[in-house]
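Read off the chains here:
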Amino acid sequence: WFILTYGKDPTARIVSPSKLPSPGEVFGAIGKLLDRDFTDSLIDTLIRVFKGIGLAALIGISAGVLAGSNRGVGSALEPLVIFLRSVPMGALIPLTLLLFGDGEKQKWMFIFLAVVPFVFSDTVKAVSIVPERYVETAQTLGASRWQIVRKVLIPLALPDIITSLRFLLGLALGYIMLVEIVNTPHGLGTMLNTSQRLGLYEQIYLLLFVITFIAFTLDFLLRGLQREAFRWRKDL
């Protein structure tokens, strides 16, 4: 990157600064980025992502546990889940605009619809791979079906479900950029779109680094909490 963009004279560079600014130009734009209501945009973006992920976790995990422990429920929900997983992300934008308007609700409902089928599928998988011996032991001890779900399947599947949510949180940070260009006063996606229109190329690259760093930091923190909560899982 440094070699491709070396030189004070733009015409002497291997790659034009209008295509790829130098590392110094990119990271030197931090001050200008902070002057553009960066903090408010970051907070608003994270709130939208957490709302969408939170709702997806609530509904996707609940439905996934039911489907994973009951074949009838799983068979009934499978076609809908396959449909939602197959819909391109871009196609959800006009759908959510139609259903929820162009306000804040549309933003986090887009994240919800984009993520919930994956939460459901991963939850079903996590429940289904719980070793059968634990279920059989609970049955031998006289546990009811609900007790097996609540005290065996959910606790043993929860570490893998949280791993799935960690990965989906990173995806959601990318997905939110698609809808923050629609009637959004603050947001990292709005800043990206504005930078593109104004030709602030160094800030575009800097924002991509910032978004990646935020996703990495959140995953690092959640993984630490996950390891602390499930010390018996040595593979986390």
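Please refer to the structure placed before this passage.
Rules and cut-offs
Residues numbered from 1 in each chain as written. Predicted model: local features only at pLDDT ≥ 70, side-chain atom pairs only at ≥ 80, totals over all residues. Heavy atoms only, no water. Helix = DSSP H or I, 4+ residues; strand = E, 2+ residues; numbered from the N terminus. Buried < 20%, exposed > 50% of the residue type's maximum accessible area, 1.4 Å probe, protein only. Polar contact = N/O pair within 3.5 Å; in protein donor to acceptor, adjacent residues only side chain to side chain. Contact = heavy atoms within 4.5 Å. Phe/Tyr/Trp six-rings, centres within 6.5 Å; stacked < 30°, edge-to-face > 60°. Lys NZ or Arg CZ within 6 Å of the ring centre and 35° of its normal. Salt bridge = Lys/Arg side-chain N within 4 Å of Asp/Glu carboxyl O. Axes fitted to C-alpha atoms, helices over the stretch in contact; angles between N-to-C directions. Parallel < 35°, antiparallel > 145°, perpendicular 65-115°, else oblique. Left-handed = near helix turned anticlockwise from the far one by under 90°. Nonpolar A, V, L, I, M, F, W, Y, C, P; charged D, E, K, R; others polar.

Overview of the environment of Phe 2
Reasoning step 1: Along the chain, Phe 2 turns up in the segment before helix 1 (23-27).
Reasoning step 2: Looking at Phe 2, the relative accessible area reads 55%, which means it is exposed.
Reasoning step 3: Sequence separation of Phe 2 and Gly 24 is 22 residues, and the distance between their C-alpha atoms is 8.7 Å.

As for the side chain of Thr 190
Reasoning step 1: With respect to the helices and strands, the residue Thr 190 is situated in helix 9 (residues 188-198).
Reasoning step 2: The class of Thr 190 is buried, set by a relative accessible area of 15%.
Reasoning step 3: Engagement of the side chain of Thr 190 in a polar contact is seen with the backbone oxygen of Glu 180, the distance being 2.7 Å.
Reasoning step 4: In this structure, Thr 190 is in contact with Glu 180, Thr 184 and Pro 185, ignoring residues within four places of it in sequence.

Structural notes on the packing of aromatic side chains
Reasoning step 1: According to the stated counting rule, one finds 5 aromatic pairs in the structure shown.
Reasoning step 2: With centroids separated by 6.4 Å and ring planes inclined at 90°, the aromatic side chains of Phe 230 and Trp 232 adopt a geometry described as edge-to-face.
Reasoning step 3: Its relative accessible area of 11% is what places Phe 230 among the buried residues.
Reasoning step 4: Against the face of Phe 167 rests Arg 166, its NZ or CZ located 5.4 Å from the ring centre.

Topic: the pattern of salt bridges
Reasoning step 1: In total, this model carries 7 salt bridges according to the counting rule given.
Reasoning step 2: Residue Arg 233 pairs with Asp 235 through a salt bridge whose shortest N-O separation is 2.8 Å.
Reasoning step 3: Of the residues examined, Asp 235 reaches a relative accessible area of 56% and is grouped as exposed.

A look at the packing of helix 4 (residues 71-86) against helix 6 (residues 104-128)
Reasoning step 1: Relative orientation of the contacting elements helix 4 and helix 6 amounts to 130°, with a least axis distance of 8 Å. In terms of their interaxial angle, helix 4 and helix 6 are classed as oblique. The way helix 4 lies across helix 6 gives a crossing that is left-handed. Facing helix 4, whose interface residues are Leu 77, Val 81, Leu 84 and Arg 85, helix 6 presents Pro 117, Phe 118, Phe 120 and Ser 121.
Reasoning step 2: Of the residues assigned to the contact of helix 4 with helix 6, the class counts are 6 nonpolar, 1 polar and 1 charged.

Here's the deal with unusual backbone geometry
Reasoning step 1: Residue Asp 37 is not a glycine yet carries a positive backbone phi of 55°.
Reasoning step 2: Among the structural elements, Asp 37 can be located in the loop between helix 2 (30-34) and helix 3 (38-69).
Reasoning step 3: Taking the relative accessible area as the measure of exposure, Asp 37 reaches 42% and is therefore partly exposed.
Reasoning step 4: One non-glycine residue with positive phi stands out, namely Asn 183, at about 45°.

Quick look at the packing of helix 3 against helix 10 (residues 201-229)
Helix packing for two helices is described by the angle between their axes and how far apart those axes are.
Reasoning step 1: Running from amino to carboxyl end, helix 3 crosses helix 10 at an angle of 50°, the nearest separation of the two axes being 13 Å. In terms of their interaxial angle, helix 3 and helix 10 are classed as oblique. Where helix 3 crosses over helix 10, the handedness of that crossing is right-handed. Together, Phe 38, Leu 42, Leu 46 and Phe 50 of helix 3 and Leu 207, Val 210, Ile 214 and Leu 218 of helix 10 make up the contact between the two elements.

A few points about the environment of Pro 88
Reasoning step 1: You can see Pro 88 is positioned in the loop between helix 4 and helix 5 (89-100).
Reasoning step 2: Residues Pro 88 and Ala 114, spaced 26 residues apart in sequence, show a C-alpha to C-alpha distance of 9.0 Å.

Looking at the side chain of Lys 107
Reasoning step 1: Tracing the backbone shows Lys 107 in helix 6.
Reasoning step 2: When residues no more than four places from it in sequence are discounted, the contact partners of Lys 107 are Arg 48, Asp 102, Ile 176, Val 179, Glu 180, Val 182, Asn 183 and Thr 184.

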